[in-house]
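# Descriptive structure summary
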Amino acid sequence: YRDLHTFELQAPTRLIEWARGNRVCVAGYGQSDGNEILQLIPPPTLLTKESQGLCPERDFKVECGGFSERPVYSLKYVPDTSLLVTSGPPDSSLQVWQVSAEDSDVIKSVSTIATENGTGQSWAKIATTSARAPWVLHGSRLDRVQITEVESRKNVYTAASRGSEELSGLAFLDCNTLLLCCATGRLCLADTRQPQSLLEDMAVPSAPCSEQWCLGTRHGAQGLEPSSQPVARLSSRGLLTLTDLRKTSEFLALAKARVPSPGSGAEFLCISWAPALEGYLAISGFDGTVHVYDTQSWDSSGREAEPIFVHKGHAFGGAGGSGDPALVTVHTWHLQKPRTLLSAASDGSLHVWNWVQPCGKC
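About the thresholds
- Residues numbered from 1 in each chain as written.
- Predicted model: local features only at pLDDT ≥ 70, side-chain atom pairs only at ≥ 80, totals over all residues.
- Heavy atoms only, no water.
- Pairing = 2+ DSSP bridges.
- Helix = DSSP H or I, 4+ residues; strand = E, 2+ residues; numbered from the N terminus.
- Axes fitted to C-alpha atoms, helices over the stretch in contact; angles between N-to-C directions.
- Buried < 20%, exposed > 50% of the residue type's maximum accessible area, 1.4 Å probe, protein only.
- Polar contact = N/O pair within 3.5 Å; in protein donor to acceptor, adjacent residues only side chain to side chain.
- Salt bridge = Lys/Arg side-chain N within 4 Å of Asp/Glu carboxyl O.
- Phe/Tyr/Trp six-rings, centres within 6.5 Å; stacked < 30°, edge-to-face > 60°.
- Core = buried A, V, L, I, M, F, W, Y, C linked by side-chain atoms within 4.5 Å.
- Contact = heavy atoms within 4.5 Å.

Let's shift gears to the sheet that holds strand β10 (residues 125–129). Strand order in this open sheet of 4 strands is β10-β11-β12-β13, and the pairing throughout is antiparallel. Sheet topology places β10 and β13 (155–158) at the edges, where each strand pairs with a single neighbour. Strand after strand, the sheet turns through a mean of 20° between neighbouring axes, direction not considered. Both strand β11 (residues 135–139) and strand β12 (residues 146–149) contribute to a ladder of 4 bridges, which runs antiparallel. Paired with His138 across the bridge in β12 is Gln146.

What follows deals with the environment of Arg233. Relative to the helices and strands, Arg233 is located in strand β19 (residues 231–235). The class for Arg233 is buried, based on a relative accessible area of 0%. The spatial distance from the C-alpha of Arg233 to the C-alpha of Thr243 is 8.3 Å, given a sequence separation of 10 residues. In terms of polar contacts, Arg233 uses its side chain to reach the backbone carbonyl oxygen of Gly185, at 2.6 Å. Polar contacts involving the side chain of Arg233 include one to the side chain of Thr243, which spans 2.8 Å.

Attention now goes to the pattern of salt bridges. Enumeration over the complete set of coordinates arrives at 13 salt bridges. Residues Arg70 and Asp91 are paired through a salt bridge, measuring 3.0 Å at the closest nitrogen-oxygen approach. Of this pair, Arg70 sits in the loop between β5 (61–68) and β6 (74–77) while Asp91 sits in the loop between β7 (83–87) and β8 (94–99), and the two are 21 residues apart along the sequence. Note on accessibility: Arg70 and Asp91 belong to one class, buried. Across the pair Arg237 and Glu211 runs a salt bridge whose closest N-O atoms are separated by 3.1 Å. Taken together, the positions of Arg237 in the loop between β19 and β20 (239–243) and Glu211 in the loop between β17 (198–199) and β18 (213–216) put the pair 26 residues apart, joining distant regions of the chain.

Okay, the packing of aromatic side chains next. A full pass over the atoms with the stated rule returns 7 aromatic pairs. Between Phe7 and Phe60, the ring centres sit 5.9 Å apart and the planes meet at 55°, which makes this aromatic pair tilted. One end of the pair, Phe7, is in strand β1 (residues 3–8); the other, Phe60, is in the loop between α1 (44–47) and β5, and 53 residues separate them in sequence. A single burial state applies to Phe7 and to Phe60, both of which are buried. Taken together, a centroid distance of 5.9 Å and an interplanar angle of 20° make the contact between Phe309 and Trp355 stacked. Of this pair, Phe309 sits in strand β25 (residues 309–311) while Trp355 sits in the segment after β28 (349–354), placing them 46 residues apart in sequence. A relative accessible area of 16% means that Phe309 is categorised as buried. Joined through ring pairs, the aromatic side chains of Phe309, Trp333, Trp353 and Trp355 make up one cluster.

Turning to the nonpolar core, a few remarks are in order. Leu234, Ile271, Leu281, Ile283 and Trp298 are the most contacted members of the largest nonpolar core, which has 18 residues in total. Taken together, the elements giving at least two residues each to this core come down to β19, β20, β21 (253–256), β22 (270–273) and β23 (280–284). The residues touching Ile271, leaving out its near neighbours within four places in the chain, are Cys214, Leu215, Gly216, Ala232, Arg233, Leu234, Leu240, Leu281, Ala282, Ile283 and His331. Membership of the second largest hydrophobic core comes to 17 residues, among which are Leu137, Leu167, Leu178 and Cys188.

Omega for the peptide link from Pro89 to Pro90 comes to 15°, which places this bond in the cis form. Within the fold, Pro90 resides in the loop between β7 and β8. Even without being glycine, Asn22 reaches a positive phi, approximately 60°. Among the secondary structure elements, Asn22 is positioned in the loop between β2 (13–19) and β3 (23–28). For Asp80, which is not a glycine, the phi torsion comes out positive at approximately 65°. As for its placement among the helices and strands, Asp80 is situated in the loop between β6 and β7. Given a relative accessible area of 69%, Asp80 falls into the exposed group.

Next comes the structure, spelled out in structure tokens:
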């Protein structure tokens, strides 16, 4: 490691979200009332663009917080606002939160976005944007996807679909284009300018019916079309695929991750592209580790890929409340520091780490 910071949360968290001013938002997912939502100030070394050497203050600080009466399974910051949107069981409704001003340390609930036939549906996956207005894209199933204006709670778009498959993820590719990923791995493209149009059935590797998939999208450099950025998918068996949305009939690359227990479930599967490092992605959700890969040498052979770095800090940090080994529940990349990641685990540990670049790959 070049650097490693740790912080102990009061409860397990499955969310890490960057917010305004380089703040970090986290939330608990326990089944009892009173799940915390916190906004943390990162250590000073994470707030500077360049390394400042030794720093006396190495901890996160709680800036403000609140409590949710339901488990928080998804949390997104609404860009250019002081609002957060969360979702979680027992239904597909959304909760909107206001991060208070500097003279207050409270994150308060301000509204609920109810969904049609939300009762009985699984919790909603969400994505946010402010390209046109503060919008949230949300849905639990393919035929329940819509965009809602966050502040007015007005529905501005509903996707058309003949299927009702469970969703594992969704994303804004730009202000008009949406990408939806089913739990089966199927990708669907939608355009907000054409409400009745939904392009489906992109290539999915042959896999057992029980296999679950998650999605990772990459925001490209300014001037690049979103469709030119590869989409990554990760299965509960450890299969990795890269897809070019301009040519969905074949894979850009196909690889196999070295995971400890293939097919062990998909509740915490996570795959993400590095925003400031070309061709790098990270995966987690199989055990107490986070694997980082350089995809630039991948082909379509499907052979096992060798990670360039494995973060094992959570695996050695102790067991969760159940006595089971800690499981990484989520990870995310720092927005400016190329090789810096944040990860959280089921034992309440939050880690920030930066690995040393191997010689010859600077």
